[in-house]
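Geometric and topological summary
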Amino acid sequence: MVRHILVGLDGSASSVAAAGKALSLAEQLKAQVTLLFVLQPPQVIPIGPLSGYVTTGLPQSQENVERAEAVISQVKMTRPNLEIHSRVEFGVPAEIICQQAENSGVDLIVVGARGLNTAQRFLLGSVSDRVVHTSTVPVMVVRSS
Ligand SMILES: Nc1ncnc2c1ncn2[C@@H]1O[C@H](COP(=O)(O)OP(=O)(O)O)[C@@H](O)[C@H]1O
Ligand SMILES: [Mg+2]
């Protein structure tokens, strides 16, 4: 029985397409849905022995939380009749997705095959790859064009 579906959203078209599939499935199965958007901490990368460090990724700010909320609202608006829960969390996306799924009694995780980094040579993105390999909860990876 699938009663609770967790969807990973990162703002990419692929994740929004995955959410669409998850919501259709939830409608058919009368399952509960939670949309989870994880904001990553900025990564600090050394760029040479003398030259110091560069920081990549978005700095944590209210703006990022608002951007995440905006993506969540967009997805919610597509199914006004469904009760959709959502959360914005901070941390390493694959870890947070798997943890949340285990802690909230989720029966199915849904993620897109690709996210925001569109290197064509990879079949799966790193987040979907890690979730598939480490999750104790079943995972559905949605491949979209
Ligand atoms: N920060 C995140 N929060 C929630 N879900 C995410 C996040 N990043 C990726 N995902 C999920 O994983 C899927 C694949 O993304 P990812 O593995 O990051 O691919 P890419 O390497 O192309 O960015 C996304 O479509 C989304 O469902
Ligand atoms: Mg990504």
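Predicted model, so just to flag it, every value in this text is computed and none were measured. (Residues numbered from 1 in each chain as written. Chains lettered and ligands numbered in written order. Predicted model: local features only at pLDDT ≥ 70, side-chain atom pairs only at ≥ 80, totals over all residues.)

Quick word on the environment of Val 7
- Relative to the assigned elements, Val 7 resides in strand β1 (residues 4-9).
- It is 8.6 Å that separates the C-alpha atoms of Val 7 and Leu 108, two residues lying 101 residues apart in sequence.
- What Val 7 contacts, discounting residues up to four positions off in sequence, is Ala 18, Ala 19, Ala 22, Val 33, Leu 35, Leu 36 and Val 110. (Helix = DSSP H or I, 4+ residues; strand = E, 2+ residues; numbered from the N terminus. Contact = placed C-beta atoms within 7 Å.)

Quick look at the site of ligand 1
- Around ligand 1, 24 residues are found, and the nearest of them are Gly 8, Gly 112, Gly 115, Gly 125 and Val 127.
- Listing elements by their share of the shell around ligand 1, those giving two or more residues are β1, α1 (13-29), β2 (32-39), α3 (93-103), β6 (108-112) and α4 (126-134).
- Here the shell around ligand 1 is built from residues that sort into ten nonpolar, twelve polar and two charged. (Near = placed C-beta within 6 Å. Nonpolar A, V, L, I, M, F, W, Y, C, P; charged D, E, K, R; others polar.)

Let's talk about the packing of α3 against α4
- Where α3 meets α4, the axes come as close as 9 Å, and the angle between the chain directions of the two elements is 40°. Considering the angle they form, α3 stands oblique to α4. For α3 against α4, the interelement crossing comes out right-handed. Mapping the contact onto sequence places Pro 93, Ala 94, Ile 97 and Cys 98 in α3 and Val 127, Arg 130, Val 131 and Thr 134 in α4.
- For the contact of α3 with α4, the residue count by class is six nonpolar, one polar and one charged. (Axes fitted to C-alpha atoms, helices over the stretch in contact; angles between N-to-C directions. Parallel < 35°, antiparallel > 145°, perpendicular 65-115°, else oblique. Left-handed = near helix turned anticlockwise from the far one by under 90°.)

Observations concerning the sheet that holds β2
- Taken in spatial order, the five strands make up an open sheet running β5-β2-β1-β6-β7, and their pairing is parallel. The sheet is open, and its two borders are formed by β5 (84-90) and β7 (139-142), each paired with just one other strand. Taking the axes of each pair of neighbouring strands and ignoring which way they run, one obtains an average angle of 25° across the sheet.
- Relative to β5, β2 runs parallel, the two sharing seven bridges. (Pairing = 2+ DSSP bridges.)

Structural notes on the pairing of β2
- When β1 meets β2, the two strands line up parallel, connected through six bridges. Across the sheet, the residue bridging to Leu 9 is Phe 37, located in β2.
- Each parallel crossover has a hand, and for β1 linked through α1 to β2 it is right-handed. (Right-handed = clockwise from strand over helix to strand, strands pointing away.)

Limitation: the analysis is restricted to geometry and does not speak to function.
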